[in-house]
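# Structure at a glance
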Amino acid sequence: MNRPLLLNPGPVTLSARVRESLLLPDLCHREPEFFDLQDEIRERLLSVYDLDPEVWAAVLLTGSGTAAVEAMISSLVPDTCRLLVIENGVYGERITRIAQIHRIAVETLAHDWLDEIDLQRLQQRLQQQPAITHVAAVHHETTTGRLNNLAAIAELCAQYDVSLLADTVSSFGAEYIDFAPAIGAVAATANKCLHGVPGAAFVIVRRALLNHAASRTLYLDLAGWCREQDKRSTPFTPSVQACFGLREALREFADEGGLQQRHQYYSSLAAQLAEGLAALGIEPLIASAQSSVVLRAYHLPGIGYDRLHDGLKSQGFIIYAGQGALSRQLFRVSTMGAVQAQDITRLLAATADLVVDVRA
Ligand SMILES: Cc1ncc(COP(=O)(O)O)c(C=O)c1O
């Protein structure tokens, strides 16, 4: 059977090595072998960004990326604190919703989905509202493929002594993150830039923040998960097979050369795709300098999304629609996962056939 190539932003096309790891012998999560697995994943997650385990903890969770973001937000903004959420897409807006559900004191710095984050407005807000103690932002806003300027946001947060909580679900492992003093935590998942499977997610948190963590839910209590994991235990039944996949994906990530190598590899695929589509008259939504290397959004080339999607699917490629009102204008292509340059060449040829048909 020909496997489809997943060009949606996760889950990703698996490498043979990660796929095979899913078939390891059954494992009870109360046996030492599981805790070896958990320990290795936690250590390897920190080593992706060379983080000091005395200062940072990788807390492994069972759930999707949203579970990690919800654990981070609901646990790390104590009752006496106030959160400012920066929104310029679906995932920023989701953070606000999470904060509201947990009755956290929250306000937003809203932007149009097509806009970059306005740092001047952010500075003004931090200046005018000294009650703000935490800022939440999305690093790679997958809605549009925009890479938000996390380093500049972190700098402002440091200036105003505010802790930054970042959704790095679709950037962790592929984009550079300066874990500068203002970053308190980042949340991410196994099945995007790390190339694991869905079901395992994680928060990288500054250990000092866990001393004042809130415990608003039983299941997403980050400090509780961390305490148990530090003792080589686990509070609940974890997604064991997703952990097998994540460990293998992290080993593969290191063997291939780590963050720098993955960033470069994604960059070259993104550039190849952008150049090939430009030759077909298909323009990107956002200039490459402001885009992630992980996913890009493109204007539909005079052909409805469904026709483009179905035509490409029949050739073995799964692309992704725009969200909300953007679904009528855009399509998105991610190059995460076991994707090769020749796959992009084939994708471009299949796209050209469809576009030429429509324009004929
Ligand atoms: C930036 C970002 N945050 C959060 C999520 C939610 O992740 P999940 O669907 O794994 O819950 C996604 C999913 O694509 C994302 O791209």
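Residues numbered from 1 in each chain as written. Predicted model: local features only at pLDDT ≥ 70, side-chain atom pairs only at ≥ 80, totals over all residues. Heavy atoms only, no water.

### A word on unusual backbone geometry
Going by this rule: Elements are defined by DSSP. Helices are runs of H or I of four residues or more, strands are runs of E of two residues or more, and each kind is numbered from the N terminus. For every residue, the accessible area (1.4 Å probe, protein chains only) is compared with the maximum for its type, and the residue is labelled buried under 20%, exposed over 50%, or partly exposed between those bounds.
Cis geometry marks the peptide bond from G10 to P11; its omega dihedral reads -5°. Within the fold, P11 resides in the loop between β1 (5–6) and α1 (16–21). Positive phi, close to 55°, is recorded for D161, a residue that is not glycine. With phi around 75°, H195 is a residue other than glycine that occupies positive phi space. With respect to the element layout, H195 can be found in the loop between β9 (183–189) and β10 (200–206). For H195, a relative accessible area of 8% translates into the label buried.

### Regarding the packing of aromatic side chains
The line we're drawing: Under the pairing criterion, centres of Phe, Tyr and Trp rings, with the six-membered ring standing for Trp, must be within 6.5 Å; the plane angle then separates stacked pairs below 30 degrees from edge-to-face pairs above 60, leaving the rest tilted.
A full pass over the atoms with the stated rule returns 9 aromatic pairs. A centroid spacing of 5.2 Å and a plane angle of 85° characterise the contact between W56 and F179, whose relative ring orientation is edge-to-face. Pair noted here: W56 is in strand β2 (residues 56–62) and F179 is in the loop between β8 (163–167) and β9, with a separation of 123 residues, a long-range link. Considered together, W56 and F179 belong to a single accessibility category, that of buried residues. Seen in terms of ring centroids, Y219 and F236 are 4.7 Å apart; in terms of plane orientation they differ by 35°. Their pairing is tilted. With a gap of 17 residues between them, Y219 in the loop between α7 (207–210) and α8 (222–230) and F236 in the loop between α8 and α9 (240–255) connect regions that are remote in the sequence. Overall, Y219 belongs to the partly exposed group, its relative accessible area being 33%.

### Focus: the side chain of T335
We count it as follows: Working rule for contacts: check all heavy atoms of both residues, and any pair within 4.5 Å makes them a contact.
Counting through the fold element by element, T335 comes out in the loop between β14 (330–334) and α12 (341–359). Ignoring any residue separated from it by four or fewer positions in sequence, one finds T335 in contact with Y266, L269, A270, V293, V294 and I344.

### A short note on the sheet that holds strand β13 (residues 320–321)
Adjacent strands of a sheet pair through backbone hydrogen bonds, lying either parallel or antiparallel. Note the threshold: Here, strands pair whenever DSSP counts at least two bridges between them. A fitted line through C-alpha atoms represents every axis, and for helices the fit uses only the stretch in contact; the resulting angles, taken between N-to-C directions, go from 0 to 180 degrees.
Taken together, the 3 strands give an open sheet; going across it, the order is β11-β14-β13, and neighbouring strands pair in antiparallel fashion. Of all the strands in the sheet, just β11 (295–299) and β13 have a single pairing partner and so form its edges. Along the sheet face, helix α10 (residues 258–279) touches β11 and β14 and points at about 10° away from the line of β11.

### Considering α12
Because the α-helix completes a turn every 3.6 residues, residues three or four places apart line up on one side. Under the convention used in this document: One less than the residue count of a helix, multiplied by 1.5 Å, gives the span that helix is expected to have.
Taking 1.5 Å of rise per residue, the 19 residues of α12 would be expected to cover 27 Å, and the 27 Å separating its terminal C-alpha atoms lies within 8% of that figure. Turning to α12, its buried residues are D343, I344, L347, L348, A350, T351, A352, L354 and V355. Structurally, α12 contributes buried residues whose contacts are with β1, α10, α11 (305–313), β12 (317–318) and β14.

### Brief notes about helix α4 (residues 90–101)
Between its terminal C-alpha atoms α4 stretches 16 Å, which fits the 16 Å expected from 12 residues at 1.5 Å a residue. Buried within α4 are the following residues: V90, G92, I95, T96, I98 and A99. Here the buried face of α4 lies against α3 (65–76), β3 (82–87), β4 (105–110), β5 (134–138), β6 (140–141) and β8.

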